[in-house]
Amino acid sequence: MAAIEVEGLEKTYPKGVRALDGLSFVVEEGIVFGLLGPNGAGKSTTVKILVTLSKPDAGEARVAGHDVVREADAVRGSIGYVSQASGVDVHATARENLFLQGRVQRMPQLELRARVDELLHTFGLEEVADRIVRTYSGGTKRRLDVALGLVHRPRVLFLDEPTTGLDPEARAAMWEELERLAESEQLTILLTTHYLEEADRLARRIAIVSRGRVVVEGEPEKLKRGLLGDAVTVELANGNADSAAGVVARLGAVEEAIVDGRHLRARVEEGAQAVPAILSALEADGITVAAVTVSRPSLDDVYLHYTGRDFRAEDEAGSAEQ
Amino acid sequence: MTAAVKDTLSMLVRHQRNFVRQPIWLVFALTQPMFWLLLYSQLFRRIVDLPGFATDSYVQFLTPGVVVMTAFFGATWSGMAMIDDLDRGVVQRFLATPARRGALIASQVLHTAILCAIQTVIILGTAWLLGARVERGAAGWFVIIAAAALVGAGWAGISHGIALVVRREEPLIAILNFFGLPLTFISAILIAESLMPGWMQWAARFNPVNWGVVAAREMSSVQTDWSRAGLYLGLLAAFATATCLLASRAFESYRRTL
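Residues numbered from 1 in each chain as written. Chains lettered and ligands numbered in written order. Predicted model: local features only at pLDDT ≥ 70, side-chain atom pairs only at ≥ 80, totals over all residues. Heavy atoms only, no water.

Asker: What should I look at first to understand the overall build of chain B in this one?
Answerer: Scanning chain B from N- to C-terminus turns up 11 helices and zero strands. Scanning chain B from its N terminus toward the C terminus, one meets helices and strands in the order α-α-α-α-α-α-α-α-α-α-α. Rg of the C-alpha trace for chain B: 19 Å, near the compact-globule value of 18 Å for 258 residues, within the 12% margin. In terms of overall dimensions, chain B has a C-alpha envelope of 60 × 35 × 35 Å along the principal axes. Here chain B, with 258 residues, has 53% of them falling under the buried criterion. A sequence separation of at least 24 residues applies to 77% of the contacts in chain B between residues at least 6 apart. For chain B, the distance from the average site of its 20 positive side-chain charges to the average site of its 13 negative ones is 7 Å. (Helix = DSSP H or I, 4+ residues; strand = E, 2+ residues; numbered from the N terminus. Rg over C-alpha atoms; globule rule 2.2 N^0.38 Å. Buried < 20%, exposed > 50% of the residue type's maximum accessible area, 1.4 Å probe, protein only. Contact = heavy atoms within 4.5 Å. Lys, Arg positive; Asp, Glu negative; His and termini not counted. Charge placed at Lys NZ, Arg CZ, Asp CG, Glu CD.)

Quick look at the structure:
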């Protein structure tokens, strides 16, 4: 049985913002599944529907075998939800937070006590367990967020942007934590992220979400391999970027050329062979090049390929809207 | 115990524990009533020379009013805790669990009512030192505490209802400040009812703050009209129930915005 089944979800917010536009995907049990997309793509709305906070206008979703609208309480008992906004009571201690969470999840007292000790140990929170959360560092608090989601041994854990707002060091530590979690617990994890490298590293499968729909789904490696060839990025020193794209796109070896500010990104079959041709074509057009890089396709390129839009530009536009 | 009661108690423990951790709030909450008792009652002590006061001690007259006023003002602020929980995602975290929805509001309202009861005991104790007496003994104390707790619960419901609609601190403060003083003045908190202008006496009958004052003051009068006190306690209970239902409706509408 699939841990999560989503079919044709639609949601429009009162102000007319169309957040979901027929979104569908399936997550099999026991894996880490990444919902990847820029800010404003509809990831958080999807999660809110799956954890029963919000209701879809149309479409259906089942989590751990239960319908999220008709069997909301059954869903709530089988999931953990770690939201972007944390949700920890910062005026209480880690232990108190964990106990309250276990109580509202209807855990028997004795089992709860053992589970709290276990989680404090697993997440390295023993030393701070009886300190007020307000005094914690960002990374420590985030670990408690995740622990809170796991108190009642849920079958599915939702992590909404688990590392947003963390410094690089805390982010790396959180990644290690989540990797361990994925191995040890009998758990399906759905994580949303707008960090491509995060999805690449943590998720067994990903779905790329753009403007309320899944544009492509699969294993990150396969998606990248599906894009034949290399990515060539050219930084322009002068000249019109759009006309440069036109020049490059006309070359036979180039499959795709897209402009992003001063950067021109081209997808080619063989990077090392294509670079001289690209450079001479640009030079012939009077355009000076500042730098060139050749790389294997990244999820950036996957996003670009399937949506025709640049991930970072969309992400910035999306966060500006919010 | 039903799930709803269990959840309410679990969350009530959280509010009370967090409150006890910051005893400074209790000190702040009690500073104002002390000024009313210690300064205002002295400043206006000759006011009881006017006909209409059933006592010749203004502090005796004023104490039930100060008790209810303190509960009223304290409760109007209680919605700030809900805004804090909304901002920090605490409410959403509970909404994704099987916790009963009503427990989120009920625990906050109960917490406020209990605080009002504790404040009342402290205020009555201080007033006792100043010579103000509760004339009807234990039953009198009970009625005054109940009046304060019900006024607190009723206004906690309103404060939480507004908090769930506006979801920001500034408008909540602005709206409640707007009502604070008029409701204080259109009541018998500071002055005997018979000395109020006719239209204000009329308006005071619809003021839930005044209902608490009427019930509480019966207990410190020489002549106690128990049925009047009972009637107003009943009105307050209905008021508190209504505002809590209103707060639940506001909660429903908040959930629809998610």
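Asker: What is the right way to read the sheet that holds strand E4 (residues 58–63) of chain A from this model?
Answerer: Through backbone hydrogen bonds, the strands of a sheet pair up, either in parallel or in antiparallel fashion. Residue and element names in this part refer to chain A. Here we have four strands laid out as an open sheet, ordered E2-E1-E4-E5, and antiparallel in their pairing. The open sheet has two edge strands, strand E2 (18–28) and strand E5 (66–67), and neither has a second partner. Relative to E2, strand E1 (residues 2–12) runs antiparallel, the two being bridged by eight bridges. Residue pairing for E2: Val-6 is matched across the bridge by Phe-25. In the packing of helix H1 (residues 43–50) onto the sheet, contacts are made with E1, E2 and E4, and the angle to E2 comes to roughly 65°. (Pairing = 2+ DSSP bridges. Axes fitted to C-alpha atoms, helices over the stretch in contact; angles between N-to-C directions.)

Asker: In this structure, what is going on with the interface of chain A and chain B? I would like to understand it.
Answerer: It is common to give the size of an interface as the accessible area that goes away when the parts come together. Counting residues at the interface gives 32 residues for chain A and 27 residues for chain B. In total, about 2500 Å² of surface goes out of reach between chain A and chain B, with carbon and sulfur atoms giving 50% of it. Area buried by chain A at its contact with chain B is led by Leu53(A), Leu100(A) and Arg106(A), which between them contribute 23% of it. Joining chain A to chain B, the criterion identifies five salt bridges. For Arg14(B), the salt bridge identified is with Asp89(A), shortest N-O distance 2.7 Å. If you list the elements that add at least two residues to the side of chain A that touches chain B, you get helix H2 (72–78), strand E6 (79–82) and helix H3 (94–104) of chain A. No other element matches H3(A), which puts six residues into the side of chain A that touches chain B. Residue composition of the side of chain A that touches chain B, grouped by class: 13 nonpolar, 10 polar and nine charged. (Buried area = accessible area lost by both parts, 1.4 Å probe. Salt bridge = Lys/Arg side-chain N within 4 Å of Asp/Glu carboxyl O. Nonpolar A, V, L, I, M, F, W, Y, C, P; charged D, E, K, R; others polar.)

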